[in-house]
Amino acid sequence: MDMIAEAPLAARQEADRALPGSRGRAPAGASAAHGEYLTFRLGGEEYGIDILRVQEIRSYEQPTRIANSPSFLKGVVNLRGVIVPIIDLRVKLGCDTADFNAFTVVIVLNIRGRVVGAVVDSVSDVLELSREAIKPAPEMNNQVDMSYLTGIANVGERMLILMDIQALMSSADMGLIDSIG
């Protein structure tokens with residue numbers, strides 16, 4: 001776990017050297033670009049998010065519940081003096097619920113200057129993906145919200161769903177982060 005916990009910092013430092021000033025962000029509307037992704041499991045699926053959004057990975061601890069909050073908001077925790085909302089991505093994305101066990105972790109994210117925690121079943125690894133490995137997300141009708149999906153990557157026998165975690169956490173229904181800014 002220490003190697004995974006340290007990977008975001010190393011990736012951030014490497015990206016800062018390679019892309020001064022850009023922080024690795026793609027223009028709005030651009031398809032998924034190559035780069036490093038933290039991969040994690042939600043139920044039977046594997047997802048990837050831009051490593052530059054990851055602040056740290058922590059073991060799951062029971063958050064303090066907030067009354068009348070949506071079901072995906074598990075509550076808040078105090079992380080070194082910062083009150084951090086904890087989002088259960090399994091609930092938010094409509095996955096089957098899973099038990100909290102020794103592999104359940106919270107990915108602490110930095111989204112538009114706010115710190116947010118995302119509960120996932122387990123963290124897999126950090127992968128570097130080339131542009132050729134990433135295919136566009138399939139088009140669906142407007143009943144299916146695909147706005148936060150940036151692409152699909154085949155990694156060996158695995159299919160990895162790439163997600164724009166900033167778009168997901170900034171969506172209006174989440175109510176966590178102002179959409180302007």
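Conventions adopted
Residues numbered from 1 in each chain as written. Predicted model: local features only at pLDDT ≥ 70, side-chain atom pairs only at ≥ 80, totals over all residues. Heavy atoms only, no water. Pairing = 2+ DSSP bridges. Helix = DSSP H or I, 4+ residues; strand = E, 2+ residues; numbered from the N terminus. Axes fitted to C-alpha atoms, helices over the stretch in contact; angles between N-to-C directions. Core = buried A, V, L, I, M, F, W, Y, C linked by side-chain atoms within 4.5 Å. Buried < 20%, exposed > 50% of the residue type's maximum accessible area, 1.4 Å probe, protein only. Contact = heavy atoms within 4.5 Å.

Undergrad: Would you mind showing me how to read the sheet that holds strand E7 (residues 114-120) here?
TA: Within a sheet, neighbouring strands are paired by backbone hydrogen bonds and run either parallel or antiparallel to one another. Spatially, the 5 strands line up as an open sheet ordered E3-E6-E7-E5-E4, and their pairing is mixed. Either end of the sheet is taken by a strand with one partner, and the two such strands are strand E3 (54-59) and strand E4 (73-79). Taken pair by pair, the neighbouring strands of this sheet meet at an average axis angle of 30°, ignoring direction. For strand E6 (residues 105-111) and E7, the ladder comprises 7 bridges, and the chain directions are antiparallel. Note that in E7 the partner of Ile111 across the bridge is Arg114.

Undergrad: I tried to follow the nonpolar core on my own but got confused; where do I start?
TA: If you look at soluble globular proteins, the nonpolar side chains tend to sit buried side by side. If you look at the biggest cluster of nonpolar residues, it comprises 30 residues, and the most contacted ones within it are Ile49, Leu89, Ile107, Leu109, Ile165 and Met169. Of all the secondary-structure elements, those providing two or more residues to this core are strand E1 (35-42), strand E2 (45-50), E3, E6, E7, strand E10 (149-155), strand E11 (158-163) and helix H3 (165-170). At 4 residues, the largest contribution of residues to this core is made by E6. Discounting residues that sit within four places of it in the chain, Leu109 has contacts with Ile49, Arg53, Val54, Gln55, Arg114, Val115, Val116, Ala118, Ile165 and Met169. In terms of nonpolar packing, the next biggest core, distinct from the first, is built from 9 residues, Tyr60, Val77, Leu79 and Val108 among them.

Undergrad: Sorry, what's going on with the pairing of strand E5 (residues 82-88) here?
TA: Every other side chain in a regular strand lies on the same face of the sheet, so the side chains alternate between the two faces. E5 sits mainly inside the fold: 5 of its 7 residues count as buried. Bridging between E4 and E5 involves 6 bridges; their strand directions are antiparallel. Bridged to Val76 within E5 is Pro85. What sits between the antiparallel neighbours E4 and E5 is a turn of 2 residues, in which Arg80 has the positive phi angle 50°. Both E5 and E7 contribute to a ladder of 3 bridges, which runs parallel. Opposite Ile86, over in E7, you have Gly117 as the bridge partner.

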